[in-house]
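Structural features, examined
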Amino acid sequence: MRIFRFKSIDSTSDYLKDKEDIENFDLAIAEIQTKGRGRRGNNWVSSKGMALFSFALKAEKDISIEEYSKLPLVTGISVLRGIKRIEEMDLKFKWTNDIYLDDKKLSGILVEKVNDFFIIGIGINVNNKEMGVAEEIAVSLTSKTKKNYIIEDIIFTVIDEFKKYYRRFCVGEWKYILDEINSRNYLKGKKINIVSTNGTVTGIADEIAQDGRLEVEISGTKKLFDIGEIHISRLKNEIE
Ligand code: BTN
């Protein structure tokens, strides 16, 4: 595993995306990002004290692209377990790729495909205290525990967990991984808005299904939703 460390960079994910001699598990770590990116084209405000990192994963030829659509979920449970190994706390997984603590976002994950590689970008609020405009919706480890953490310990622990879960995923243990994800399912039982090109509907989120889609009960009927098609929000406070 090669490690590329930066005091400041535009985005660790963009660094790996542009890298011509990329290798499996190349890892880019930054103290600060000037153009951190989140999902759906959002900015990821990247301040000092956060764990900001991306790593490359070479796509296996015998795993289909449909199977790989579960990769954000496999990454999510790895991030959750990695953080829990450092600090035992009641973390939840918010489908499809956020980690929540006390109803606030602790970590976000961005999975992108470039040629034969997935670039997995992870941001975790660790030692950053001031959440600024995000105070209402984001939380850091230090704001919860008042401790100071060694950021690279967290990064390497998360990657270690990822390697374990990914191996299990590759050998057909998805069902058990999903059970674990569902046991930490933040959205389950919550009233959510599902926003798509066809408009907005309100429903109650349920389990994450075998194929990685979210079950939502709408007017008494269970429907399955794919993250590509929808955007979830709460009725009052947007949560994604
Ligand atoms: C999200 O919640 O929308 C995903 C946020 C992902 C942020 C991380 S920080 C490291 C990596 N580099 C980026 O530009 N984005 C990801």
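The following paragraphs examine the structure supplied in this document. (Residues numbered from 1 in each chain as written. Predicted model: local features only at pLDDT ≥ 70, side-chain atom pairs only at ≥ 80, totals over all residues. Heavy atoms only, no water.)

Thoughts on the packing of helix α3 (residues 71–86) against helix α6 (residues 174–182)
- Between α3 and α6, whose axes approach to 10 Å, the crossing angle comes to 55°. Here α3 lies oblique to α6, going by the angle between them. In the packing of α3 onto α6, the handedness of the crossing is left-handed. Listed contacts from α6 to Leu-73, Val-74, Ile-77 and Arg-81 of α3 are Trp-174, Ile-177, Glu-180 and Ile-181.
- Residues belonging to the contact of α3 with α6 are distributed by class as follows: 6 nonpolar, no polar and 2 charged. (Axes fitted to C-alpha atoms, helices over the stretch in contact; angles between N-to-C directions. Helix = DSSP H or I, 4+ residues; strand = E, 2+ residues; numbered from the N terminus. Parallel < 35°, antiparallel > 145°, perpendicular 65-115°, else oblique. Left-handed = near helix turned anticlockwise from the far one by under 90°. Contact = heavy atoms within 4.5 Å. Nonpolar A, V, L, I, M, F, W, Y, C, P; charged D, E, K, R; others polar.)

Regarding helix α5 (residues 151–170)
- Given a rise of 1.5 Å per residue, 20 residues ought to cover 28 Å, and the 28 Å separating the end C-alpha atoms of α5 matches this to within 8%.
- Listing the buried residues of α5 in full gives Ile-154, Ile-155, Thr-157, Val-158, Ile-159, Glu-161, Phe-162, Tyr-165, Tyr-166 and Phe-169.
- Following α5 by one or two positions, Gly-172 has its phi on the positive side, about 90°. (Expected span 1.5 Å × (residues − 1). Buried < 20%, exposed > 50% of the residue type's maximum accessible area, 1.4 Å probe, protein only.)

So, the sheet that holds strand β7 (residues 117–124)
- One open sheet accounts for 7 strands, arranged β1-β2-β3-β7-β6-β5-β4; its pairing is mixed. Two strands close off the open sheet at either side, each with one partner strand: β1 (3–9) and β4 (91–94). Averaged over all pairs of adjacent strands, the angle between their axes in this sheet comes to 20°, without regard to strand direction.
- In this sheet, β7 lies alongside strand β3 (residues 51–58) in antiparallel orientation, the contact comprising 8 bridges. Looking across to β7, one finds that Leu-57 is bridged to Phe-118. (Pairing = 2+ DSSP bridges.)

A few points about the pattern of salt bridges
- Using the criterion set out here, one finds 29 salt bridges in the structure.
- For Asp-90, the salt bridge is made with Lys-92, and the minimal N-O distance between the two is 3.8 Å.
- Taking the relative accessible area as the measure of exposure, Lys-92 reaches 27% and is therefore partly exposed.
- Salt-bridge contacts for Asp-160 lead to Lys-164; the nearest nitrogen and oxygen are separated by 3.9 Å. You can see Asp-160 and its partner Lys-164 sitting in helix α5, 4 residues apart, about one turn around the helix.
- Salt bridges here are not isolated pairs; linked through shared partners, they connect Arg-2, Lys-19, Asp-21, Glu-23 and Asp-26. (Salt bridge = Lys/Arg side-chain N within 4 Å of Asp/Glu carboxyl O.)

Some details on the site of the ligand
- Neighbouring the ligand are 20 residues, the closest being Ser-11, Gln-33, Arg-37, Arg-39 and Lys-105.
- Arg-39 is positioned such that a nitrogen or oxygen atom in its backbone is 2.7 Å from an oxygen atom of the ligand.
- For the ligand, whose unbound accessible area comes to 410 Å², protein coverage reaches 97%.
- Elements represented by at least two residues in the shell around the ligand include exactly α1 (12–17), β3, β6 (104–114) and β7.
- With 4 residues, β6 is the largest single contributor of residues to the shell around the ligand.
- Classifying every residue of the shell around the ligand gives 6 nonpolar, 10 polar and 4 charged. (Near = heavy atom within 4 Å. Polar contact = N/O pair within 3.5 Å; in protein donor to acceptor, adjacent residues only side chain to side chain. Areas by Shrake-Rupley, 256 points an atom, 1.4 Å probe, with all protein chains shown as cover.)

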